[in-house]
Amino acid sequence: MYPSKFDKNTLGVYINRLNNYMKKVDEKYIAIIDDSSFYNKELWDKFTAQPNIHGLFYLDYHKHDNYHGEIIWSNNKPIVSCRDLLWDTLESEDNLLQIINNRIDSGQVDIYNSNSYTFVYVHAWSKSLSNIEKVVNKLKENHKVSIVTPATFMELIKKNVKH
């Protein structure tokens, strides 16, 4: 669903229901796909005002990584845009590894700097677990890289990145 295009009269009902579901399934972070609305803080404030929604992973419709990993804040909760892709014809395993290693080589490893965090979207229709495994195994060779769960990723951002 695209929140910016959702019926404004029923969006609040949807968000309240989502908030209740988040509590029931013990989830704190949601992935949102929308159309050029990353900077629409008023929209995200409606989500992050909810007690069970602690942050959002943002994917842009036109190209999921259009906002290059930028992080904005809404009610002191992070909205993290996709930084890289693992997607056939867009970004291969080798491309992704080179991009991440180049960032590390250029010094993007400071936990207090938002540029040191990378949310990678994996396109499930063009990549398999073996593709992910290849990337993970190669990245594990670099002691400056930590691969974490989405929840840990967001907690690290909330703890370390100033806003």
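Every value quoted in this text rests on a predicted model; they were computed, and no experiment measured them. (Residues numbered from 1 in each chain as written. Predicted model: local features only at pLDDT ≥ 70, side-chain atom pairs only at ≥ 80, totals over all residues. Heavy atoms only, no water.)

Draft legend 1. The packing of aromatic side chains, seen in detail. Scanning the entire structure with this criterion turns up 13 aromatic pairs. Between the aromatic rings of Trp 44 and Tyr 58, the centroid separation amounts to 5.8 Å while the plane-to-plane angle is 70°, which identifies the pairing as edge-to-face. Here the residue Trp 44 occupies a position in helix H2 (residues 41-48), and Tyr 58 occupies one in strand S2 (residues 55-60), the gap between them amounting to 14 residues. Looking at Trp 44, the relative accessible area reads 0%, which means it is buried. On the basis of relative accessibility, which here comes to 1%, the residue Tyr 58 falls in the buried class. With a centroid separation of 5.9 Å and an interplanar angle of 45°, the aromatic rings of Trp 87 and Tyr 121 are classed as tilted. Here Trp 87, found in the loop between strand S5 (84-86) and helix H3 (93-105), pairs with Tyr 121, found in strand S6 (residues 120-122); they are 34 residues apart in sequence, far enough to count as distant. Across the pair, exposure class does not vary: Trp 87 and Tyr 121 are buried alike. (Phe/Tyr/Trp six-rings, centres within 6.5 Å; stacked < 30°, edge-to-face > 60°. Helix = DSSP H or I, 4+ residues; strand = E, 2+ residues; numbered from the N terminus. Buried < 20%, exposed > 50% of the residue type's maximum accessible area, 1.4 Å probe, protein only.)

Draft legend 2. Region of interest: the pairing of strand S1 (residues 29-34). With 6 bridges connecting them, S1 and S2 associate as parallel partners. Its bridge partner being in S2, Ile 30 is matched across the sheet by Leu 56. (Pairing = 2+ DSSP bridges.)

Draft legend 3. Local environment of the pattern of salt bridges. Counted under the stated rule, the structure contains 8 salt bridges. Put simply, Lys 63 and Asp 65 hold a salt bridge, and the shortest N to O gap is 3.4 Å. On the accessibility criterion, Lys 63 (36% relative accessible area) is partly exposed. Salt-bridge contacts for Asp 84 lead to Arg 103; the nearest nitrogen and oxygen are separated by 2.6 Å. Taken together, the residues Asp 84 in strand S5 and Arg 103 in helix H3 connect sequence positions 19 residues apart. (Salt bridge = Lys/Arg side-chain N within 4 Å of Asp/Glu carboxyl O.)

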